[in-house]
Amino acid sequence: MRILGGGVEAAVSVPPQHLVFAYYITGHGFGHATRALEVVRHLIAAGHDVHVVTGAPEFVFTTEIKSPNLHIRKVLLDCGAVQADALTVDRLASLEKYHETAVVPRESILRTEVEWLNSIKADLVVSDVVPVACRAAADAGIRSVCVTNFSWDFIYSEYVVAAGHHHRSIVWQIAEDYSHCEFLLRLPGYCPMPAFRDVIDVPLVVRRLHKSRSEVRKELGIADDVKMVIFNFGGQPAGWKLKKEWLPDGWLCLVCGASETEELPPNFIKLAKDAYTPDLMAASDCMLGKIGYGTVSEALAYKLPFVFVRRDYFNEEPFLRNMLEHYQCGIEMIRRDLLTGHWKPYLRRAVTLQPCYDHPINGGQVAAHILQDTASGKKYISGKLSGARRLRDAIVLGYQLQRSPGRDISIPDWYSLSEKETGVRPAPTYHEHEVNGSVESSFEDFEILHGDMQGLTDTMAFLTSLSGLVGSDPRSPEKQSRERVAASVLFDWEEEIFVARAPGRLDVMGGIADYSGSLVLQMPIREACHVAVQRSSPSKQNLWKHTQARQLANGGAVPLLQIVSFGSELSNRAPTFDMDLSDFMDGDKPISYDKAREYFCQDPSQKWAAYVAGTILVLMTELGASFTDSMSILVSSSVPEGKGVSSSASVEVASMSAIAAAYGLNITPRDLAILCQKVENHIVGAPCGVMDQMTSACGEANKLLAMVCQPAEVKELVSIPTHIRFWGLDSGIRHSVGGTDYGSVRVGTYMGRKMIKCAAADLLSQSLPSSPPTQSGDTNCDEYEEHGVDLLKSEASLEYLCNLPPHRYEAVYARDIPEIITGDAFLVKYGDHNDSVTIVDPKRSYSVKAPTKHPIYENFRVEALKALLTADKTDEQLSALGELMYQCHYSYNACGLGSDGTDRLVNLVQEVQHRKNSQNEGPSLFGAKITGGGSGGSVCVIGKNCLKSSEEIFEIQKRYKAATGYLPVVFEGSSPGAGKFGYLKIRRRSTQPSA
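Numbering of residues starts from 1 in every chain and runs along the sequence as written. Selection of residues for local features in this predicted model requires a pLDDT of at least 70, selection of side-chain atom pairs for listing and counting requires 80 or more, and totals for whole chains, interfaces and linings are taken over all residues. Excluded from the side-chain calculations are hydrogens and water; all other atoms, namely the structure's heavy atoms, are used.

Describing the sheet that holds strand β14 (residues 286-290)
A pair of strands is treated as paired once DSSP finds two or more bridges between them. Helix and strand assignments come from DSSP, with helices taken as H or I runs of at least 4 residues and strands as E runs of at least 2, each series counted from the N terminus. Read across the open sheet, the six strands follow the order β13-β12-β11-β14-β15-β16; overall the sheet is parallel. Sheet topology places β13 (268-270) and β16 (330-332) at the edges, where each strand pairs with a single neighbour. For this sheet the average axis-to-axis angle between neighbouring strands, irrespective of direction, equals 25 degrees. Bridge analysis of β14 against strand β15 (residues 306-309) gives four bridges, and the strand direction is parallel. Opposite M287, over in β15, you have F306 as the bridge partner. Working rule for contacts: check all heavy atoms of both residues, and any pair within 4.5 Å makes them a contact. Angular values range over 0 to 180 degrees, each being the angle between N-to-C directions of two axes fitted as lines to C-alpha atoms, with helices fitted over their stretch in contact. In this fold helix α11 (residues 317-326) packs onto β15 and β16, with an angle of close to 155 degrees to the strand it touches most, β15.

A look at α11
Think of an α-helix as 3.6 residues a turn; residues three or four steps apart then line up on the same face. Burial of α11 is extensive: ten of the ten residues sit out of reach of the surface. Buried means the residue's accessible area, taken with a 1.4 Å probe over protein chains only, is under 20% of the maximum for its type, while exposed means over 50%, and partly exposed covers the values in between. Three or more residues of α11 are buried, namely E317, P318, F319, L320, R321, N322, M323, L324, E325 and H326. Once α11 ends, the next one or two residues include Q328, with phi positive near 55 degrees.

What about the confidence of the model for the protein chain?
Scored by pLDDT, the protein chain comes out at a mean of 86, with 87% of its residues at no less than 70. Counting interchain partners and residues more than four positions distant, the pLDDT-below-50 stretch residues 6-10 has eight contacts. This model gives residues 383-440 a pLDDT under 50, and the stretch forms 146 contacts once residues within four places in sequence are excluded. Each residue carries a pLDDT value, the predictor's own confidence for that position, ranging from 0 to 100.

Some thoughts on the pairing of strand β35 (residues 984-988)
Note that strand β19 (residues 446-450) and β35 share four bridges and pair antiparallel. Bridging across to β35, H450 finds its partner in K985.

A word on the pairing of strand β8 (residues 144-148)
The buried count for β8 comes to five of five residues, which makes it a mostly enclosed element. Here β8 shows a buried face lined by S144, C146 and T148 and a second buried face lined by V145 and V147. Where strand β7 (residues 124-128) and β8 come together, three bridges link them in parallel fashion. Residue pairing across strands places V125 opposite S144, the latter belonging to β8. With respect to chirality, the unit in which β7 leads through helix α5 (residues 131-140) into the neighbouring parallel β8 is right-handed. Relative to strand β9 (residues 183-186), β8 runs parallel, the two being bridged by four bridges. Each residue of the ladder has a partner; that of C146, found in β9, is L184. By convention, a crossover is right-handed whenever its connection, traced from the first strand over the helix to the second and viewed with the strands pointing away, goes clockwise.

Examining unusual backbone geometry
A negative phi angle is the norm for most residues apart from glycine, just as the trans form is the norm for most peptide bonds. The omega angle of the peptide bond from D128 to V129 is -15 degrees, so this bond is cis rather than trans. Relative to the elements of secondary structure, V129 occurs in the loop between β7 and α5. In this model, Q710 is joined to P711 through a cis peptide bond whose omega is 0 degrees. With respect to the helices and strands, P711 occurs in the loop between β27 (703-708) and β28 (713-719). We note that K303 has phi near 50 degrees; this positive angle belongs to a residue other than glycine.

Remarks on the packing of helix α1 (residues 29-45) against helix α14 (residues 363-375)
When two helices pack together, their arrangement is given by the angle between the helix axes and the distance between those axes. Close contact between α1 and α14 brings their axes to 8 Å; oriented N to C, the two are set at 55 degrees. In this view, α1 runs oblique relative to α14, as classed from their interaxial angle. Crossing handedness for the pair α1 and α14: right-handed. Judged by residue contacts, E38, V39, H42 and L43 of α1 engage G364, Q365, A367, A368, L371 and Q372 from α14. Any angle between 65 and 115 degrees counts as roughly perpendicular, while under 35 counts as roughly parallel, over 145 as roughly antiparallel, and the rest as oblique. Helix crossings are classified by the rotation of the near helix relative to the far one: an anticlockwise turn of less than a right angle makes the crossing left-handed, while a clockwise turn makes it right-handed.

Examining helix α22 (residues 669-684)
Spanning 16 residues, α22 covers 21 Å between terminal C-alpha atoms, matching the ideal 22 Å at 1.5 Å per step. Among all positions of α22, only L672, A673, L675, C676, Q677, V679, E680, N681, I683 and V684 are buried. On its buried face, α22 sits against α19 (593-601), α20 (609-623), α21 (647-662) and α23 (691-698). Once α22 ends, the next one or two residues include G685, with phi positive near 95 degrees. Multiplying 1.5 Å by the helix residue count minus one yields the expected span of that helix.

Some details on the sheet that holds strand β29 (residues 724-730)
One open sheet accounts for four strands, arranged β32-β33-β29-β34; its pairing is antiparallel. Each edge of the sheet is formed by a strand with only one pairing partner; in this case those strands are β32 (925-930) and β34 (970-971). Two strands pair when backbone bridges link them, and β32 and strand β33 (residues 938-944) are joined in this way by five bridges, in the antiparallel orientation. Paired with L925 across the two strands is G943, which belongs to β33. Contacting β29, β32 and β33, helix α30 (residues 900-914) crosses the sheet at an angle of about 170 degrees to β32.

Right, dumping it as structure tokens:
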């Protein structure tokens, strides 16, 4: 990997021969076209021909480049991200559109492009960043180079989670196409792009300025001292009605992309469609818009403060956002304030920023120089770190925006804002302020008025983190994360704060069979979520500037909820959330759960708040609780998201526990878990069972919670034998119970139950006495028939599928359960599947047989495993336990809930278990299975509690990393559930001045 910058000569040198470039530009947004324009301009200035393949309007190029050497070919070979509106990407539509645009006609595209490339006698293919262009170049025998800050395999990988794994082939094909590229010219603000073999970093590519600030303002008739904001969302979205009062007094707003018929207030100025935005940006005092490479690069280059609103589901954004904020150039506006016109506090704050990007901005010139040399035959040999850099890219933010511990000094500051020690375990999210090498803050700064920390080091660290917020000046020049700035003014440190703690869980056995009534065995893990809650009078609550401005606009103080979530940048969500608690009321009654789900879905970057704020609505609805005070909440979790260890349940349980403590609500752990399940099912909209919340609320350290999910009865707490140990190993593939695969399997399970009930009812109607008794008078036969009738009666009214024994399923029902059925066919024959949290899609096909069989056999496996835990301590015992786990794993796969990563981990455990060694020692690891909702996440491994097994776990980690580039996180150890922990009531100790 090489980094090239300002040292390159002032102009692209003229080569010995005339060159022809084919420059492919993705169909996603103007930003790609405008940055390609700068590279193309330099190539043409050096005397070369450039054929631009694009779907962008020609004026983007022809207004800047007037040369016969520029050739525009209007062809669209990919579609980018399909946007539902200016701020929201439609993930499923994006994949379907790409399939339609680039997959179905792929062979035709390749033939056409190879023929065209040969016809123009191209010397080099350049792609920003069209995948198939790289493959076409290879087929034509032409070298290719990519110029970009992101690649579509990374962007689409997140969409696959939501849209279903049948779309995975799209991501694999894109990555394979990119692998034909010779090297990547990587732009600042880049995402992980492990598909590329070699990397050269270049400076920002930005369009040049034509006019000075004063010249632009003079043409517009605007005085130099008038504050001006440029409104830049890539085209004025329909339905956005701009209003005069949204701007501070005396301000003007330049509106990009407004329609010709749009009427604007007098303090808003409509710009022409082809207005040259770099000049207008440089003449403005700040910009309001959405993040994209073009807007970010030019805001940084021209030191323009940028008030941005997050886009949903576009994975490029967090990297660009980090760079903006690192160089003090960005302020985030929440979407609700954008749409309701609460702009003033953000704009006033923006003009106080002092952007400090001082790196080269001649990336267009640098890239053109490299491309010219490459086309001339020069080989850019990658540096010795390029292979490690590619691997590191896959690790640092991993697959689908997940960070792994560790960074090296070559990662730019904006790439990873939190420095962590390299290690196997995830670094804690807590922070300590250090002064002269000593820790300034301490958990002892708080007086504990109620409760006990129980020696939990993570709780001590959380209180230390709280203490570090006291006296923190958000205006300090020392850089702080936005979440800590917001948290530093969240609480009144002289008043009481209530703290609750809830762990994640490792699914040892049971998993998705929970919603079918299975016995499950769950272990609370060491990682946990802490939530701090403070209630206060609305008139005394500390308010953020934008919430204060909104309250003043609405007529005064009302009960308000403010939430800060630590670790927000790790999962690309907004770090803060606020709402009026009156939004939860419809007259004198709480709003419905459906309305609440719609409320939180308005802005997906803040949808996470449903897990926290949703607990308030459930308490109002189910218990009649009233919340007339304002509430401030801080959430800090070390339970990693998307790894199948119930991060969401830990947040829900900790949040509800802390709120219940603050308001004096006495709720048993079991009832609290059931209430939290309602949050996830009805407000978040994830169709999970109750075992996650039950384990987080009712679990105990070093014990398995044995629970029958009918609906939630704790059977017992099973001590883990001292010679047995369980580990969790994260595959790095994000798991989501809200994903398509999980929901469709649940639908298939409930379809199977309905089919069994209907079949039992039919058999019962045939078995009822309608003919005279047999002549034999066999009483045993009569008795059997009587019992058979009783069985059919119970099966005809079957509430939980797990109550059907495997032998009855095989003997009576298995042969009649179809492998697959369409939703439409099922609804016509059976009416409804009788599940309150999922819906049958008539147009979709559902797997039925495997999802029906799984919980019936899983319940048997869990019962067997529980019984075996108390058997004699032998290798045979461990082998039998491991075999049950393997069977569970492959049953998940049969349901369609497996993943390549989890399969690889299970296979590695098997290889280690069965290999021969010179000492003829027996195995130390005995089994493994995918956990929770499947489709990625973690696997649970069982083995001996000994040093050798720990060494083998470490070996598996290393082998997995060698194969995939991702180092699995290990979950080991256990901790108490929320019920066992209780709550802490704390208050900051008063500091006495020294004599």
